[in-house]
Amino acid sequence: MYCNVRLDAAIAIATDRLRDVSESPRLDAEILLGRTINMPRSYLFAHPEDELDELTVERFENVLGRREAGVPMAYIMGIKEFWSQEFAVSPAVLVPRPETEILVSLALCEIPRDAEWEVLDLGTGSGAIAVSIACERPLCNVTAVDNSEDALAVAAQNARSLAPGNVTLELGNWTEPVQDRVFNLIVSNPPYVRADDAALASLRHEPRAALTAGADGLDAIRVLAADCGNILADGGLMLIEHGFDQAGDVASLLESHGWTGICCHND
Ligand code: GLN
């Protein structure tokens, strides 16, 4: 991009460059430019004739280049909206997906408003699920586990800034750090993408360990099926996200470990 380019021209050029990589190239271009000049998007339309100086062009090129390389907007901006709140995200965590809000909503259907339940989120990543449940059910204690220290740092930041003090973080593999505890509800959005899934190419900027789990994608769910029964209270419940074509396999896995009352919800 050239020096003294007008805002409207800069948006047009950037939109063009993002066409192959983004489903919303113009919106991305506007958001990135707004961030670069530290102004709301509305400013771009109110002052299309403003010109970018050399330093600003350089800064815009920097974020635009990352987006062109396929880096998700959430990583460039450092935030992602989930359950109506702005979560901090970094490349150490999976970008929270809108479909995972269904997991939160199913969990909230199960937890009475006045319940003082122990809730466990395994593989919490950014903490989006744990923090959202904690906000909606302030009387519950939510424990969030992840085996990545970098992910837990992000979750800690989100718990601190968004939750009312009822989220506890634990470092470790799945149920390992909570083996002597009992939970009323366990939730998890584990990695479940098959190792040979073509979709992984477009997810290459996100942590592989948060996406894939063995050849059939079910290794993490195998661990949950095997270990979570031991830390579940009588009448307790586990809610897990899985791939669109894994319902049958997940149900058989759970059954083989003695789980009952298994049901599947589509997103
Ligand atoms: N649903 C995500 C995707 O395909 C994967 C999330 C996960 O593995 N837990 O983009």
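Structure: see above.
Residues numbered from 1 in each chain as written. Predicted model: local features only at pLDDT ≥ 70, side-chain atom pairs only at ≥ 80, totals over all residues. Heavy atoms only, no water.

1. Remarks on the environment of R181
Here is the rule: Numbered from the N terminus, helices here are DSSP runs of H or I no shorter than four residues, and strands are runs of E no shorter than two. For the exposure calls, accessible area comes from a 1.4 Å probe over protein chains only, and a residue counts as buried if that area is under 20% of its type's maximum, exposed if over 50%, partly exposed in between. The contact rule is simple, with two residues in contact once any of their heavy atoms fall within 4.5 Å. Whenever a nitrogen or oxygen atom comes within 3.5 Å of another N or O atom, the pair is scored as a polar contact, on the condition that within protein one atom can donate a hydrogen and the other can accept it, and that pairs from neighbouring residues in sequence are kept only if both atoms are in side chains.
Structurally, R181 can be placed in the loop between β5 (167-171) and β6 (183-188). For R181, a relative accessible area of 27% puts it in the partly exposed group. Placed 79 residues apart in sequence, R181 and I102 show a C-alpha to C-alpha distance of 26 Å. With near-sequence residues (within four places) excluded, R181 lies in contact with E118, T143 and I231. Only 3.1 Å separates the side chain of R181 from the side chain of E118, close enough to count as a polar contact.

2. What to know about the site of the ligand
As a reminder of what qualifies: The rule for a residue being near a molecule or strand is that one of its heavy atoms must lie within 4 Å of it. Values of accessible area rely on a 1.4 Å probe in the Shrake-Rupley scheme; residue burial ignores everything except the protein chains shown.
Taken together, L94, R97, E99, N189, P190, P191, Y192, V193, L203, A210 and L211 make up all the residues around the ligand. At 2.8 Å from a nitrogen atom of the ligand is found a main-chain nitrogen or oxygen belonging to P190. Within the complex, the protein chains bury 85% of what would otherwise be the 300 Å² of accessible surface of the ligand.

3. A word on the nonpolar core
Basically, it comes down to this: Here the nonpolar core consists of buried residues drawn from Ala, Val, Leu, Ile, Met, Phe, Trp, Tyr and Cys, with membership extended through side-chain atoms lying within 4.5 Å.
Core analysis: the largest hydrophobic core is formed by 26 residues, its most contacted members being L32, L33, L52 and F60. The set of elements that each furnish at least two residues to this core consists of α1 (7-18), α2 (25-36), α4 (54-68), α5 (73-77) and α8 (149-162). For this core, the element with the most residues is α1, which contributes five residues. In this view, L32 contacts L18, F60, V63, L64, R67, M73, I76 and M77; residues no more than four positions away in its chain are not counted.

4. Overview of α8
Here is the rule: For a helix, the expected span equals 1.5 Å multiplied by the number of residues minus one. The directions considered for the arc are those from the helix axis to the C-beta atoms.
Between its terminal C-alpha atoms α8 stretches 20 Å, which fits the 20 Å expected from 14 residues at 1.5 Å a residue. Looking at α8, one finds that the buried residues are A151, L152, V154, A155, N158 and A159. Taken end-on, α8 shows its buried residues confined to a sector of 160°, consistent with a single buried face. Turned more than 90 degrees off the buried face of α8, the exposed positions are E149, D150, R160 and S161. N-capping of α8 is provided by S148, with a side-chain oxygen placed 3.4 Å from the backbone N of D150.

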